[in-house]
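The chain contents come next:
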Amino acid sequence: MGSARVATGNAALAARVLSEVRSARLSGGRASLAPRPVIEQSWERLLRRGVDPDRGVDAGLLPPDEVRRRRETSPLRHVLPVLRESLLTVADAAQHIMVVADDEGRVLWREGSLPVLRKADGLGFEVGADWREDIVGTNGVGTAAVTRRPVQVFAAEHFVHTHATWTCAGAPITDPRDGRLIGVVDVSGPLETMHPATLSWVSSVAKLAEATLRELHARTLEGLRAVAAPVLARIDGPALAVDRNGWTAAVTGMPYTPRIGLPASPSPGPRWLPALGPCTLEPLADGWLVRAGGTPEPGGATRIELDLAQPRRPRVRVSGGAGAWAHELSPRHAELLYLLALRRTGRSAAGLAEDMFGDPARTVTVRAEMSRVRRYLGGLLEHRPYRFCEAAEVEVLLPADPRDLLPHSTGPVVTEQRRVSAPAGGV
């Protein structure tokens with residue numbers, strides 16, 4: 001019987017068993033049960049970083065002015081009504097609290113049962129607190145942000161022992177425009193209030209929040225389309241209007257493409273974009289007017305740098321005769337580009353599916369994701385098979401510890417790369 005099975009039964013019994021499992025694991029002994037994989041992997045990360053299981057790391061609280069600034073600029077503010085409506089009534093009745101943290105793990109909002117809020121104060125689970133995994137150990141906010149998937153942490157599954165009287169379930173919220181992590185929503189409370197269905201509930205609400213952001217983005221594009229229509233009507237030649245993230249609102253004289261890759265900090269003037277080649281950028285409302293053509297194609301070698309050194313901030317940087325630009329990657333796109341960097345001769349859709357999922361039949365998912373990647377890398381990627389173009393120089397920046405490589409990935413190739421590159425002796 002595994003610890004996951006125990007945790008669905010009697011809460012007090014499960015807490016005692018998990019406490020024994022944690023003590024044995026952290027002391028190097030043999031436990032009667034194995035921790036769940038998501039928990040064991042988190043413990044391993046924390047042991048490597050030297051986090052104190054008795055104290056954690058004191059990062060301090062953000063000052064009120066900084067909390068206010070983050071609230072006012074975070075995309076999470078747009079989904080707060082949805083989170084409150086979907087979570088607070090039930091959470092309060094179930095003696096839980098709702099916590100919303102930003103992409104850096106800082107608690108921005110915290111609401112719910114007053115007695116539970118007071119207990120949370122004693123754990124430092126306060127507004128402005130840093131709840132990243134490598135600060136406070138395994139928890140529903142920080143671990144969900146690292147793995148990019150919903151996670152429930154019960155009792156002694158928390159790495160820091162002072163949290164062992166607590167249960168939490170957190171789910172990441174990503175920006176539907178680019179897959180970037182923007183925060184985590186978490187429901188927490190005393191361990192006796194744990195229910196196995198909490199994780200599914202929180203996960204569903206996180207998806208609802210992402211759907212709300214998707215609808216908001218669609219309305220924003222409609223507004224830009226209305227502004228762009230008379231401008232595009234007066235233009236001879238191909239052009240399109242895009243928002244600040246490169247999503248297309250309107251197009252004239254050229255095939256429609258949902259999104260183009262823009263420079264990290266776009267500015268007016270001649271540019272060379274991978275998806276379009278030579279073009280000119282002009283400010284337009286809350287976006288850009290992009291006129292295709294008119295500038296000679298830049299020369300010079302192209303260098304592609306896949307930066308995986310910061311596990312939570314994978315990026316691709318492109319530089320060459322056209323200048324330099326960067327794009328933040330979603331976890332799935334970071335994994336795809338890493339696999340292509342490993343196999344410069346190319347990989348079929350079935351091969352990539354096998355590398356990512358261990359299932360060569362999942363080609364539909366691979367083709368859909370590769371189509372999205374090509375929107376910002378354009379001609380730098382070829383297909384049949386998928387590969388980086390031969391003229392490009394490709395470099396991969398890896399994390400200092402190979403075991404931190406793409407921590408969200410469970411694909412067989414990435415898992416094997418972590419294993420073979422790990423230091424001798426392990427944790």
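You'll find the structure just up there.
Residues numbered from 1 in each chain as written. Predicted model: local features only at pLDDT ≥ 70, side-chain atom pairs only at ≥ 80, totals over all residues. Heavy atoms only, no water.

*Asks:* Where do I start with the overall build of the protein in this structure?
*Replies:* In terms of regular secondary structure, the protein is built from 13 helices and 16 strands. For the protein, the C-alpha radius of gyration of 24 Å lies close to 22 Å, the compact-globule estimate for 427 residues. Expressed as a percentage of the 427 residues in the protein, the buried residues total 49%. Residue pairs in contact within the protein that sit at least 24 positions apart in sequence constitute 56% of those at least 6 positions apart. Total accessible area on the protein stands at roughly 19100 Å², and carbon and sulfur atoms take up 51% of it. Positive and negative charge centroids in the protein, built from 53 and 48 side chains respectively, lie 2 Å apart. (Helix = DSSP H or I, 4+ residues; strand = E, 2+ residues; numbered from the N terminus. Rg over C-alpha atoms; globule rule 2.2 N^0.38 Å. Buried < 20%, exposed > 50% of the residue type's maximum accessible area, 1.4 Å probe, protein only. Contact = heavy atoms within 4.5 Å. Areas by Shrake-Rupley, 256 points an atom, 1.4 Å probe, with all protein chains shown as cover. Lys, Arg positive; Asp, Glu negative; His and termini not counted. Charge placed at Lys NZ, Arg CZ, Asp CG, Glu CD.)

*Asks:* Is there a simple way to explain the sheet that holds strand β7 (residues 248-252) in this structure?
*Replies:* Taken together, five strands build an open sheet; the order of strands is β7-β6-β10-β9-β8 and the sheet is antiparallel. Since the sheet does not close on itself, it has two edges, and those belong to β7 and β8 (269-273), each with one partner. Across the sheet, the mean angle separating the axes of adjacent strands is 30° when strand polarity is ignored. One ladder, built from five bridges, connects strand β6 (residues 239-243) with strand β10 (residues 287-292); its direction is antiparallel. Counterpart to Leu240 in the pairing with β10 is Val290. Taken strand by strand, helix α9 (residues 198-233) contacts β6, β7, β9 (277-284) and β10, and its axis lies near 25° from that of β7. (Pairing = 2+ DSSP bridges. Axes fitted to C-alpha atoms, helices over the stretch in contact; angles between N-to-C directions.)

*Asks:* Where do I start with the sheet that holds strand β5 (residues 181-190) in this structure?
*Replies:* Sheet strands associate in pairs through backbone hydrogen bonding, adopting either a parallel or an antiparallel arrangement. Taken together, five strands build an open sheet; the order of strands is β2-β1-β5-β4-β3 and the sheet is antiparallel. The two strands at the open ends of the sheet, each matched to only one other strand, are β2 (107-112) and β3 (151-154). The sheet shows a mean angle of 15° between the axes of neighbouring strands, taken without regard to direction. Looking at chain direction, strand β4 (residues 166-174) and β5 are connected through nine bridges and run antiparallel.

*Asks:* I would appreciate a short explanation of the side chain of Glu328 in the present structure.
*Replies:* By secondary structure assignment, the location of Glu328 is in strand β13 (residues 323-328). Owing to a relative accessible area of 18%, Glu328 belongs among the buried residues under this scheme. With sequence-adjacent residues up to four places away left out, Glu328 is seen in contact with Arg180, Arg313, Pro314 and Arg315.

*Asks:* What's the story with the nonpolar core in this structure? I'm lost.
*Replies:* Across soluble globular proteins, you tend to see nonpolar side chains buried next to one another. Counting 33 residues, the largest nonpolar core has Leu337, Leu340, Leu352, Met370, Leu377 and Leu381 as its most contacted members. Contributions of two or more residues to this core are made by β11 (302-307), β12 (315-320), α10 (331-342), α11 (349-357), α12 (363-377) and α13 (412-421). If you tally residues by element for this core, the top one is α10, at seven residues. Excluding residues within four positions of it along the chain, Leu377 makes contact with Pro274, Val316, Val318, Trp325 and Leu337. (Core = buried A, V, L, I, M, F, W, Y, C linked by side-chain atoms within 4.5 Å.)

*Asks:* Mind showing me how you'd approach the side chain of Arg106 here?
*Replies:* Within the secondary structure layout, Arg106 lies in the loop between β1 (97-102) and β2. It turns out Arg106 is buried and unbridged, and the closest side chain with the opposite charge, Asp130, is 4.0 Å from it. A distance of 2.8 Å separates a polar side-chain atom of Arg106 from the backbone oxygen of Gly128. Those residues in contact with Arg106, other than ones at most four positions away along the chain, are Ala59, Gly60, Leu61, Leu62, Arg70, Val100, Ala101, Gly128, Ala129 and Asp130. (Salt bridge = Lys/Arg side-chain N within 4 Å of Asp/Glu carboxyl O. Polar contact = N/O pair within 3.5 Å; in protein donor to acceptor, adjacent residues only side chain to side chain.)

*Asks:* Any chance you could explain the packing of α10 against α13 here in plain terms?
*Replies:* What describes two packed helices is the angle between their axes and the distance between those same axes. Packing of α10 against α13 brings their axes to within 11 Å, and their N-to-C directions diverge by 70°. Looking at the two axes, α10 sits roughly perpendicular to α13. As for how α10 packs across α13, the hand of that crossing is left-handed. In this structure, α10 uses Glu335, Tyr338, Leu339 and Leu342 to contact α13, whose residues at the interface are Val413, Val414 and Gln417. By residue class, the composition of the contact of α10 with α13 is five nonpolar, one polar and one charged. (Parallel < 35°, antiparallel > 145°, perpendicular 65-115°, else oblique. Left-handed = near helix turned anticlockwise from the far one by under 90°. Nonpolar A, V, L, I, M, F, W, Y, C, P; charged D, E, K, R; others polar.)

*Asks:* Please clarify how the packing of α11 against α12 should be interpreted in this entry.
*Replies:* It is at 8 Å that the axes of α11 and α12 come closest, and there the two elements cross at 100°. The pairing of α11 with α12 is recorded here as roughly perpendicular in orientation. Together, Ala349, Ala350, Leu352, Ala353 and Phe357 of α11 and Thr363, Thr365, Val366, Arg367 and Met370 of α12 make up the contact between the two elements. Per-class residue counts for the contact of α11 with α12 are seven nonpolar, two polar and one charged.

*Asks:* Explain the pairing of β2 to me, please; I cannot follow it from the model alone.
*Replies:* A regular strand carries its side chains on alternate faces of the sheet. Where burial is concerned, most of β2 is hidden: five out of the six residues are buried. One ladder, built from five bridges, connects β1 with β2; its direction is antiparallel. Pairing of Ile97 across the sheet is with Gly112, part of β2. Connecting β1 to the next strand, β2, in antiparallel fashion are four residues, including Gly105 with a positive phi near 80°.

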